[in-house]
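Observations on the model geometry
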Amino acid sequence: MELRQLQYFVKVAQKEHVTQAAEELHVAQSAVSRQIHQLEEELGVNLFMQKGRNLQLTPVGQLFCKRVESIMKDLDRAVVEIHEFLDPEQGEIRIGFPHSLGIHLIPSIVAEFRKKYPNVKFRFKQGMFPTLIRDVVGAEVDLAFVSPFPDRHDQVDGDIVLTEELFAILPPNHPLAGEQSIKLEQLKEERFVLFSKGYSLRPIVWHACLEAGFTPKIAFEGEETDTIRGLVAAGMGVSLLPEMALFQTNPLQPARVRISEPKVTRSIGLIHRADEKLPPVAQAFRAFLLQYFGIDPSPKKEEKAK
């Protein structure tokens, strides 16, 4: 069994077509067909079956493909780690984060890190909490900022790096817009512009409202901070957003008011795969981030990372 056979097999599985796979691999169609045939002969099974003009993985082909993709991913990562070992400053950092951190925090810390390591490359992935956890566990990213911090998870480890206050945001002409602070219960008759289900800020706001004695009435559900902020500014309702999500990106801005009761915060954690050593450049970035946020990692965690 050769590496080339596995590469060709995965590409055909992805494209479900030998010709398209050959074009993307920049080889002759006959070469791809021959390698797949030899692989099937060696395994003693059919990996593909014809479905119209396309090829479809057989059940055993699906099982084999899942394993091969994992092997290929590990192999690609091993090559990257060798290059990073030889020259950490030429490596690539793969980091995930929620949308709300992409407005100001991520650009700021990347710019600061690149002052010391100007040749390091970054690969970014945005996502919701469950997606980011899955990306870390599945080795799609090395590190991820997540909110809330997962207190109990067998496959990820990390540190809370920031606890951030949430503010009430109101239309500029709202009667409470000029207040220094308000109690959340004062918004019980308002309609709320919330994040859609699956976004970590939604349950934080929802539970805060319940704690204040009411269930929020929903006017609109969105998926981006800019959308939430813009709709509130346009008078469509009220909402709660962390300070980090309130940097001005357009002329139409809502009023921001501190909530005195209950205190509403969110925790932001930096996570990585548990019991697995980070690549050198990712480890350097993690150390930089902990210093950036003033976090003193516990000796136990540092020992596990070695």
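Labelled according to an unreviewed UniProt entry, the chain appears under the name LysR family transcriptional regulator, originating from Paenibacillus lautus. The Sequence similarities (unreviewed entry) comment attached to the chain in UniProt states, word for word, "Belongs to the LysR transcriptional regulatory family."

**Description of helix α3 (residues 29-43)**
The end-to-end C-alpha distance of α3 is 21 Å, a good match for the 21 Å that 15 residues give at a rise of 1.5 Å each. Residues Ala-31, Val-32, Gln-35, Ile-36, Leu-39 and Glu-40 constitute the buried set of α3. End-on, the buried residues of α3 take up no more than an arc of 165°, which puts them together on one face. Positive backbone phi, approximately 75°, marks Gly-44, located one or two places after α3.

**Looking at the nonpolar core**
Across soluble globular proteins, nonpolar side chains have a tendency to be buried as a group. Of all hydrophobic cores here, the largest spans 29 residues; its most connected members are Leu-184, Leu-187, Phe-192 and Leu-240. Elements represented by at least two residues in this core include exactly β6 (156-170), β8 (191-195), α7 (201-211), α8 (225-233), β10 (239-242) and β11 (255-261). Excluding residues within four positions of it along the chain, Phe-192 makes contact with Leu-187, Val-205, Cys-209, Phe-214, Pro-216, Lys-217, Ile-218, Ala-219, Phe-220, Val-238, Ser-239 and Leu-240.

**Describing the UniProt feature "domain: HTH lysR-type" (unreviewed entry) in the chain**
This chain's UniProt record puts "domain: HTH lysR-type" (unreviewed entry) on residues 1-58. What you have in residues 1-58 is 62% helix and 14% strand, and the ends, taken at the C-alpha atoms, are 19 Å apart.

**Points about a nonpolar patch on the surface**
Taken together, Leu-3, Leu-75 and Val-79 make up a surface patch of nonpolar side chains, about 220 Å² in accessible area. Among the secondary structure elements, Leu-3 is positioned in helix α1 (residues 3-15).

**A few points about α1**
Compared with an ideal rise of 1.5 Å per residue, which puts 13 residues at 18 Å, α1 spans 19 Å between its outermost C-alpha atoms and is within 8% of the ideal. Every buried residue of α1 is listed here: Gln-5, Leu-6, Tyr-8, Phe-9, Val-10, Lys-11, Val-12 and Ala-13. One or two positions beyond α1, positive phi appears at Glu-16, with a value near 55°.

**Here we look at the side chain of Ser-239**
Relative to the helices and strands, Ser-239 is located in strand β10. Of the polar contacts made by the side chain of Ser-239, one reaches the backbone oxygen of Val-193; its length is 2.6 Å. Residues contacting Ser-239, with those up to four places away along its chain left out, are Phe-167, Ala-168, Ile-169, Phe-192, Val-193, Leu-194, Ile-228 and Val-232.

**A short note on unusual backbone geometry**
For the bond running from Ser-147 to Pro-148, omega is 0°, close enough to zero to count as cis. Inspection of the secondary structure assignment puts Pro-148 in the loop between β5 (143-146) and β6. In this model, Glu-261 is joined to Pro-262 through a cis peptide bond whose omega is -10°. Here Pro-262 shows up in the loop between β11 and β12 (265-273). One non-glycine residue, Glu-16, lies in the positive phi region at around 55°. In this model, Ala-139 sits at a positive phi of 65°, which is unusual for a non-glycine residue. Mapped onto the fold, Ala-139 is located in the loop between α6 (129-137) and β5. Note on Ala-139: relative accessible area 22%, which makes it partly exposed.

**A look at the pairing of β12**
Moving residue by residue along a regular strand, the side chains alternate between the two faces of the sheet. Most of β12 sits inside the fold, with 8 of its 9 residues counted as buried. Pairing of β5 with β12, which is carried by 3 bridges, proceeds in the antiparallel orientation. Along β12, the bridge assignment pairs Val-146 with Gly-269. By the bridge criterion, 9 bridges tie β6 to β12 in an arrangement that is antiparallel. Residue pairing for β12: Glu-165 is matched across the bridge by Thr-265.

**Focus on the pattern of salt bridges**
Taken as a whole and judged by the stated rule, the model has 18 salt bridges. Here Asp-135 ties to Lys-125 by a salt bridge, and the two come within 3.5 Å at their closest N and O atoms. With Asp-135 in helix α6 and Lys-125 in strand β4 (residues 121-126), this pair connects stretches of sequence that are 10 residues apart. Under the relative-accessibility criterion, Asp-135 is labelled buried at 7%. Look at Lys-125 and you get partly exposed, because its relative accessible area is 30%. Put simply, Glu-164 and Arg-266 hold a salt bridge, and the shortest N to O gap is 3.0 Å. Residue Glu-164 is found in strand β6, and its partner Arg-266 is found in strand β12; the two are separated by 102 residues along the sequence. Like Arg-266, Glu-164 is buried.

Calculation rules
Residue indices begin from 1 for each chain and proceed along its sequence in written order. pLDDT decides what is reported in this predicted model: residues at 70 or higher carry local features, side-chain atom pairs at 80 or more are listed and counted, and totals for whole chains, interfaces and linings draw on all residues regardless. With hydrogens and water stripped out, all remaining heavy atoms of the structure feed into the side-chain values. UniProt positions are given in the numbering used here, feature names are shortened, and annotations may be inferred rather than shown by experiment. For helices the rule is a DSSP run of H or I covering at least 4 residues; for strands it is a run of E covering at least 2, with both sets numbered from the N terminus onward. One less than the number of residues in a helix, times 1.5 Å, gives the span that helix is expected to have. Partly exposed describes any residue whose relative accessible area lies between the buried limit of under 20% and the exposed limit of over 50%, with all areas from a 1.4 Å probe on protein chains only and scaled to the type maximum. By arc we mean the arc of the directions from the helix axis to the C-beta atoms, nothing more. Residues enter a nonpolar core if they are buried and are Ala, Val, Leu, Ile, Met, Phe, Trp, Tyr or Cys, with the set joined through side-chain atoms within 4.5 Å. Here, residues are in contact when the closest pair of their heavy atoms is within 4.5 Å. A patch is a set of surface residues, each over 30% in relative accessible area and not in a salt bridge, joined within 9 Å for like charges and within 5 Å for the nonpolar side chains Val, Leu, Ile, Met, Phe, Trp and Tyr. Method for areas: the Shrake-Rupley scheme with a 1.4 Å probe, in which residue coverage is limited to the protein chains shown. What makes a salt bridge here is a side-chain nitrogen of Lys or Arg within 4 Å of a carboxyl oxygen of Asp or Glu, nothing more. N or O atoms within 3.5 Å of each other form a polar contact, as long as, within protein, one can give a hydrogen and the other can take it, and as long as residues adjacent in sequence are counted only when both atoms are side-chain atoms. Two strands pair under a simple rule: DSSP has to find at least two bridges between them.

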